[in-house]
Amino acid sequence: MPEADDTHPHAATVRSLEQSAGKLAAAAIARMDRNLSWYRAMPPENRSWIGLVAQAGISAFTEWFRHPETPQAISTDVFGTAPRELTRAITLRQTVEMVRTTIEVVEAAVDEIAAPGGEGALRNALLVYAREIAFATAQVYAQAAEARGAWDARLESLVVNAVVSGEIEEGDISRAAALGWKSPEHVTVVLGNAPNGDSELTVEAIRRAARYARLQVLTGVLGKRLVVIAGGTEDPLRAAKSLIGPFAPGPVVAGPPVADLPGATRSARAAAAGLRACAAWPDAPRPVLADDLLPERAMAGDPVARELLVEEIYRPLEQAGSALLETLSVYLEQASSLEGAARILFVHPNTVRYRLRRVTDVTGWSPSEVRSAFTLRIALMLGRLDDGGAGARA
């Protein structure tokens, strides 16, 4: 440690500070151990690093008091003794408590350390130094948060891209866990247009909306598309409505709910297919479920949508008996007229009405609703084509 300059106006106080540095650091650590429960709970390695930081802070104050006119890199002098990982081990609030405790110990010892008549100068210097160390603390955590934020954003982008591309691997699940993803039971993917401007602001807006809606999210901007992987609700429409604010004008599509993050690739594919097919339904609600776009998706060439329409509508009707298929077909061909269908089928209108209710029970789609009738008509067409293709191949 440099010798105190005898020409310094407070040379005796500087010498006393230098001689007392070790004792003050030990007193600060002892007080932390008494008063700060989080410090007592830390592993020995971290406690030792905090001790070095406290000692470095006192030494830096001594040097600063010796040459107050010289700019001092306080953050480097004090926090440079500890590894960067320490900012992850202790919070900003805990660091402030650590600094405050150390300053209080030095302040309590001013009368003992200062040379006669130098108490006021030492107290004033300590007051100014405390302000500087507060700024240095904020700077260290801001820099750490900025670096961590950039790294986390890169990890998140990798996970989101893996889900959208359908190439998610075990490493992506680990990355998601590192980002705080807690493996919720229900996951859905929401897609739409990304707004112009800073994508980081868009991502932060999604996160704020997710916190308010109590949803977990992984999100990112891929090209012109804003992608949100949302977890925590089995209702994909609720998730989409909660998060729709940051999306740019245009369609917003929510994929079907899946059980986990690897399954989110299916939800993402359905949402992407729905987004491409939305142009065929200009009056689609916003947001809209990918499953509500099954007819448009099938017509746009989505094999998954085609299969769902055949397997979830046509096949159950076929298995329920030919009467339901025939009645539905005739009813749709007769412009949804009960009386017209009854005349063609030679049955009472009440019989047609009963069979149509059975269609709704079997498929979940009501022939009396315009949109549902359109979906049922496409499903009938695809089922017949499927059967005709099988017959031709046979």
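The rules behind the values
- Residues numbered from 1 in each chain as written.
- Predicted model: local features only at pLDDT ≥ 70, side-chain atom pairs only at ≥ 80, totals over all residues.
- Heavy atoms only, no water.
- 1 Å grid on protein atoms, 1.4 Å probe; cavity = no way out; pocket = protein on both sides within 12 Å on 5 of 7 lines; lining within 4 Å.
- Points joined across faces, edges and corners; volume = space filled by probe spheres on them.
- Core = buried A, V, L, I, M, F, W, Y, C linked by side-chain atoms within 4.5 Å.
- Buried < 20%, exposed > 50% of the residue type's maximum accessible area, 1.4 Å probe, protein only.
- Helix = DSSP H or I, 4+ residues; strand = E, 2+ residues; numbered from the N terminus.
- Contact = heavy atoms within 4.5 Å.
- Axes fitted to C-alpha atoms, helices over the stretch in contact; angles between N-to-C directions.
- Parallel < 35°, antiparallel > 145°, perpendicular 65-115°, else oblique.
- Nonpolar A, V, L, I, M, F, W, Y, C, P; charged D, E, K, R; others polar.
- Pairing = 2+ DSSP bridges.
- Salt bridge = Lys/Arg side-chain N within 4 Å of Asp/Glu carboxyl O.
- Polar contact = N/O pair within 3.5 Å; in protein donor to acceptor, adjacent residues only side chain to side chain.
- pLDDT = per-residue confidence, 0-100.
- Phe/Tyr/Trp six-rings, centres within 6.5 Å; stacked < 30°, edge-to-face > 60°.
- Lys NZ or Arg CZ within 6 Å of the ring centre and 35° of its normal.
- Left-handed = near helix turned anticlockwise from the far one by under 90°.

Enquirer: How should I be thinking about empty space enclosed by the protein in this particular structure?
Expert: Any empty space left between atoms is shown by rolling a water-sized probe over those atoms. Using the criterion set out here, one finds one cavity of 30 Å³ or more in the structure. By volume, the largest cavity amounts to about 150 Å³.

Enquirer: Help me out: how do you make sense of the nonpolar core in this one?
Expert: Note that soluble globular proteins tend to have their nonpolar side chains buried in a common cluster. If you look at the biggest cluster of nonpolar residues, it comprises 34 residues, and the most contacted ones within it are M32, W38, I50, F61 and L122. Looking at this core, the elements with two or more residues in it are α1 (11–35), α2 (37–40), α3 (44–66), α6 (92–108), α7 (110–113) and α8 (119–165). The element contributing the most residues to this core is α3, with eight residues. Not counting the four nearest positions on each side in its chain, L122 is found in contact with T13, L17, F61, F65, V110, I113 and A114.

Enquirer: When you look at the environment of E333 in this model, what are you seeing that I'm missing?
Expert: With respect to the helices and strands, E333 occurs in helix α15 (residues 322–333). Put simply, E333 and R377 are 44 residues apart on the chain and 9.2 Å apart in space, counted from C-alpha to C-alpha.

Enquirer: Can you help me understand the packing of helix α16 (residues 338–345) against helix α17 (residues 349–363) in this one?
Expert: Helix-helix packing: each pair is described by the crossing angle between the helix axes and the interaxial distance. Direction vectors running N to C along α16 and α17 enclose 105°, while the axes themselves pass 8 Å from each other. As far as their axial angle goes, α17 and α16 are roughly perpendicular. Residues L338, A341, A342 and L345 of α16 form the contact with α17, whose own contacting residues are P349, V352, R353, R355 and L356. Grouping the amino acids of the contact of α16 with α17 by side-chain chemistry returns seven nonpolar, no polar and two charged.

Enquirer: Sorry, what's going on with the sheet that holds strand β1 (residues 187–193) here?
Expert: Sheets are built from strands paired through backbone hydrogen bonds, the pairs being either parallel or antiparallel. Spatially, β2-β3-β1-β4-β5 is the arrangement adopted by the five strands of the open sheet, whose pairing is mixed. Sheet topology places β2 (216–222) and β5 (288–289) at the edges, where each strand pairs with a single neighbour. The sheet contact formed by strand β4 (residues 252–254) and β5 spans two bridges and is parallel. Its bridge partner lying in β5, V253 is registered against V288. On the sheet, helix α12 (residues 264–277) packs against β1, β3 (225–231) and β4 and is oriented at approximately 30° with respect to β1.

Enquirer: What should I look at first to understand the pattern of salt bridges in this one?
Expert: A side chain with one charge may pair with a side chain of the opposite charge, provided their charged atoms come close. In this structure the tally under the stated criterion is 14 salt bridges. Close ionic contact of K23 with E112 constitutes a salt bridge, the shortest N to O distance being 3.0 Å. Taken together, the residues span a long stretch of sequence, with K23 in helix α1 and E112 in helix α7 at a distance of 89 residues. Note on accessibility: K23 and E112 belong to one class, exposed.

Enquirer: Help me out: how do you make sense of the pairing of β2 in this one?
Expert: On a regular strand, each side chain points to the face opposite its neighbour's, so the side chains alternate between the two faces of the sheet. The pairing of β2 with β3 spans seven bridges and is classified as antiparallel. In the strand pairing of β3, T219 is matched with V228. Following β2, the chain reverses through two residues before pairing antiparallel with β3; G223 in that reversal takes a positive phi of roughly 65°.

Enquirer: Could you clarify how one ought to interpret the side chain of T375 in this entry?
Expert: Counting through the fold element by element, T375 comes out in helix α18 (residues 370–393). Setting aside residues up to four positions removed in sequence, T375 forms contacts with P295, L309, I313 and W365.

Enquirer: Any chance you could explain α16 here in plain terms?
Expert: Note on helix geometry: an α-helix contains 3.6 residues per turn, so any two residues three or four positions apart are oriented the same way. Taken residue by residue, α16 has L338, G340, A341, A342 and L345 as its buried positions. Looking at the buried residues of α16, the elements they touch are α15 and α17. For α16, the N-terminal cap is S337; the gap from its side-chain oxygen to the backbone nitrogen of G340 is 3.0 Å. The first or second residue beyond α16 is F346, which carries a positive phi of 60°.

Enquirer: Please clarify how the confidence of the model for the chain should be interpreted in this entry.
Expert: With 86% of its residues at a pLDDT of at least 70, the chain reaches an overall mean of 84. The secondary-structure element of the chain with the lowest mean pLDDT is helix α4 (residues 74–79), recorded at 50, while β4 shows the highest, at 97. This model gives residues 390–394 a pLDDT under 50, and the stretch forms one contact once residues within four places in sequence are excluded.

Enquirer: Would you explain the packing of aromatic side chains in this entry?
Expert: Any aromatic ring pair is given by two values, namely how distant the centres are and how the planes are angled relative to each other. Going through the model one piece at a time under the given rule, you end up with one aromatic pair. When the ring of W38 is compared with that of Y39, the centres are 6.3 Å apart and the planes differ by 85°; the resulting orientation is edge-to-face. Taken individually, W38 and Y39 each receive the classification buried, so the pair is uniform in this respect. Stacked on the ring of W281, the Lys or Arg R371 has its end atom at 3.5 Å from the ring centre.

Enquirer: I would appreciate a short explanation of the packing of helix α14 (residues 303–320) against α17 in the present structure.
Expert: Interhelical geometry of α14 versus α17 gives an angle of 125° and a closest axis separation of 9 Å. On the basis of the axis angle, α14 is oblique to α17. Regarding α14 and α17, the two cross each other, and that crossing is right-handed. Across the interface between the two elements, E312, I313, P316, L317 and A320 of α14 pack against R358, V359, V362 and T363 of α17. The residue makeup of the contact of α14 with α17, split by class, is six nonpolar, one polar and two charged.

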